[in-house]
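Examination of the molecular architecture
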Amino acid sequence: MSDKVFRDPLYNYITVDRKRDGWLIDLLNCSEVQRLRRIHQLGVSNYTYPGAEHTRLAHSLGVTHLMKLVLEHLERVSNAEKIKAARQALLATALLHDIGHGPFSHLFEPCLGIDHEKWSIAVIRDESTCVHRVLKKESPDLPNRVADLIDADNTTYPAWQRALMSSQLDVDRLDYLRRDSLFTGAGYGHFDWHRLLTTVEFHNGETDLVWPSKAALAIEEYIFARYYMYQNVYLHKTTRGFEALLRAMWQRADTLRKSGKNVNANPVLERFWKVEKAEPGTFPVAEYLRIEEFTVLEQIQRWSGHTDRALADCARRFLERDGFAMVEPPPPANPLKVDDFGDWEPELHKILIEKGYEPSMYCLADRVKGKYRQPYREEKDPENQSAVNTIRVVVDGKPVAIGQHLPRLGAVIAPPQDRVFYYVPKEIRSEAVRLSQNIRGSLKHAKS
Amino acid sequence: MDRLQLATLLSWAGEGGLQGRKRLQKVVFLLQTAGCPLGCRYTLHHFGPYSRDVAEACDELVAAGLVEESGGPKSNSMTYSYSLTPATRRLLDAGVDPVVQGFENLGRELIAEDLWQLELGSTIQYFYGQEEVWNQALKRACEFKRVDPNDESSQRALTLAQRVHANGRQAGADH
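Given the structure is predicted, the values throughout are model-derived calculations rather than measurements.

Quick word on the interface of chain A and chain B
- Contacts between chain A and chain B engage 23 residues on the former and 24 residues on the latter.
- Tallied by class, residues from the side of chain A that touches chain B come to seven nonpolar, eight polar and eight charged.

Focus on the nonpolar core
- Within the largest apolar cluster, 113 residues are counted, with the highest numbers of intra-cluster contacts made by Met-67, Val-131, Leu-245, Met-249 and Val-424 of chain A.
- Of the residues forming this core, the biggest block, nine residues, is contributed by helix 4 (residues 80-96) of chain A.
- Split by domain, the residues of this core number at least three in each of domain 1 (4-235) and domain 2 (252-370 + 417-447) of chain A.
- Residues within four places of Leu-245 of chain A in sequence aside, it is in contact with Cys-314, Arg-317, Phe-318, Gly-323, Phe-324 and Leu-364 of chain A.
- Core analysis: the second largest hydrophobic core is formed by 53 residues, Trp-12, Cys-36, Ala-57 and Ala-141 of chain B among them.

Considerations on the environment of Met-67 of chain A
Residue and element names in this part refer to chain A.
- Inspection of the secondary structure assignment puts Met-67 in helix 3 (residues 56-77).
- When the C-alpha atoms of Met-67 and Thr-93 are compared, they prove to be 9.4 Å apart, with 26 residues separating the residues in sequence.
- Residue contacts for Met-67: discarding those within four places in its chain leaves Leu-90, Leu-91, Ala-94, Leu-164 and Val-171.

Considering helix 12 (residues 216-234) of chain A
- Counted at 1.5 Å a residue, the expected span for helix 12 of chain A with its 19 residues is 27 Å, and the 25 Å between its end C-alpha atoms agrees.
- Where helix 12 of chain A is concerned, the buried positions are Ile-219, Tyr-222, Ile-223, Ala-225, Arg-226, Met-229, Val-233 and Tyr-234 of chain A.

Considerations on the confidence of the model for chain B
- Chain-level pLDDT for chain B is 91 on average; 96% of the residues reach the 70-or-more range.
- For this predicted complex, the interface score ipTM comes out at 0.85, while the overall pTM is 0.91.

Points about the domain arrangement of chain A
Residue and element names in this part refer to chain A.
- Looking at chain A, the domain boundaries give domain 1 (4-235) and domain 2 (252-370 + 417-447).
- Between the C-alpha centres of domain 1 and domain 2 the distance comes to 32 Å.
- Facing the 19 residues of domain 1 at the interface are 14 residues of domain 2.
- Residue contributions to the side of domain 1 that touches domain 2 peak at four residues, all from helix 6 (residues 116-125).
- Looking at the side of domain 1 that touches domain 2 residue by residue, the class counts come to 10 nonpolar, four polar and five charged.

Criteria and cut-off values
Residues numbered from 1 in each chain as written. Chains lettered and ligands numbered in written order. Predicted model: local features only at pLDDT ≥ 70, side-chain atom pairs only at ≥ 80, totals over all residues. Contact = placed C-beta atoms within 7 Å. Nonpolar A, V, L, I, M, F, W, Y, C, P; charged D, E, K, R; others polar. Core = buried A, V, L, I, M, F, W, Y, C linked by C-beta atoms within 7 Å. Buried ≥ 20, exposed ≤ 12 C-beta atoms within 10 Å, placed from the backbone. Helix = DSSP H or I, 4+ residues; strand = E, 2+ residues; numbered from the N terminus. Domains from an automatic or database assignment. Expected span 1.5 Å × (residues − 1). pLDDT = per-residue confidence, 0-100.

Here it is, written out as structure tokens:
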């Protein structure tokens with residue numbers, strides 16, 4: 001029986017052994033997995049990088065491929081039986097880890113209050129789904145086992161299994177960094193992924209994972225790759241602006257709806273909204289999976305003709321890629337209150353109102369949490385370190401956190417503070433910048 | 001947990017500062033149990049409940065120069081210590097977080113508590129969150145920590161967990 005072969009731009013060939021892993025092909029053919037073809041990996045980053053059209057399906061396949069490679073390596077260098085016993089669940093987890101994502105991946109989550117991890121778990125546990133049936137056919141406890149491995153709070157399985165899938169250096173990140181780099185064309189995000197996969201080893205009675213010190217430079221390269229990708233792609237101001245616009249639009253529709261106005265919602269969204277708090281358990285999995293990117297785009301197109309002027313205008317802006325301009329607010333006067341910008345917002349609102357813009361829709365604050373600008377975070381306390389929270393290399397027989405082993409990483413991995421950026425219509429930008437500068441000036445004056 | 005909330009909590013530790021990241025982790029966990037809305041997500045780790053949010057909030061305050069960190073492996077010490085800088089104390093004079101401040105008495109008590117009691121007590125509380133039966137939670141926590149549930153020390157930790165939990169129920173009822 002021949003292998004099932006996929007062409008992939010990152011790995012060239014991804015092969016699945018039909019004899020050993022035929023069930024993986026069945027899983028891949030499930031409608032819930034095929035749905036991932038219709039979810040952009042990077043949300044609306046294609047508004048900034050036209051090539052960023054890759055999907056969650058290609059990523060999930062890539063993650064499965066990397067999981068297979070790392071398990072083959074671990075099988076060679078450690079207790080092979082232990083690895084074999086965990087193999088099926090880990091391959092399934094790799095393929096299904098994003099199964100609960102909604103339209104446009106992470107960015108749409110706040111619009112509908114979605115937690116994709118909860119939905120992934122729900123899709124796998126739901127007896128009516130194809131993926132549940134395929135897993136259950138393999139082994140009755142496999143659906144629960146895979147769901148437990150996806151659940152970040154679940155510690156039923158050994159740390160090394162969770163760490164391979166979700167940690168500071170896992171197969172998910174190894175795939176998406178390089179894939180996102182390739183498809184955006186950003187040119188960053190390169191590192192010696194093969195060395196990372198083929199040097200990882202067990203530590204502490206084979207429960208924890210570490211790297212030999214010879215892998216330190218590959219780890220450093222990986223951390224820098226993340227740093228560059230965050231700076232250039234994931235937090236790009238144009239992308240963030242469209243994300244803020246999308247959120248504002250959905251919030252507006254929600255407000256209108258709650259005040260009894262007709263928002264012309266398409267049927268599946270109407271049903272979703274009718275539930276007080278739609279989440280697994282209160283909203284059917286099959287219905288949730290019907291909310292797709294084309295559902296959202298069709299809804300936005302409906303809104304572009306809505307009688308609410310702001311909603312219609314923002315919908316048009318989104319569809320025509322007519323975004324807002326980003327403005328940096330002045331620094332907060334009190335460093336303990338990073339959200340308090342004093343007079344900035346009220347003054348900015350005055351400018352907007354004078355120009356006929358409604359601040360709630362045309363003054364969009366975008367908070368970027370410090371941790372999203374930090375390429376790697378490690379636990380300082382050696383006693384509390386594990387493969388899940390810290391990348392460690394073995395030096396003189398002891399695991400040492402990479403940040404401690406390579407102090408030069410300090411500048412890149414120091415925790416940055418949360419930042420807030422504002423998005424306003426382009427015609428307001430210069431006035432907003434002047435306002436920010438004036439407040440900065442008066443703050444400096446007050447300090448001196 | 002935002003900067004002001006953590007700075008308010010650290011102000012209760014006084015000039016000597018709060019001793020140990022593990023202590024900080026458990027104090028925040030138990031304060032949350034008692035109803036203090038710090039919003040940190042916890043999972044079960046080596047020594048009981050552990051939160052990346054707490055570790056990150058603390059490291060961010062240190063990186064911003066608002067909290068002084070001492071100790072740690074570089075100083076040949078296993079324990080880090082965290083204290084507010086004089087400038088941060090002055091900022092707090094202008095106003096602490098009023099909601100967190102409402103938990104000052106319990107917070108001071110927890111900060112001064114024996115570390116083992118905090119570890120085991122918070123682990124019991126963690127399992128109680130899953131089991132809702134104290135004996136079962138004690139049994140699981142003691143299995144996890146590899147100690148005898150009938151030890152005096154384990155019983156004291158159970159009392160601590162129950163007391164903090166009752167505080168939380170009271171806080172919930174007050175709201």
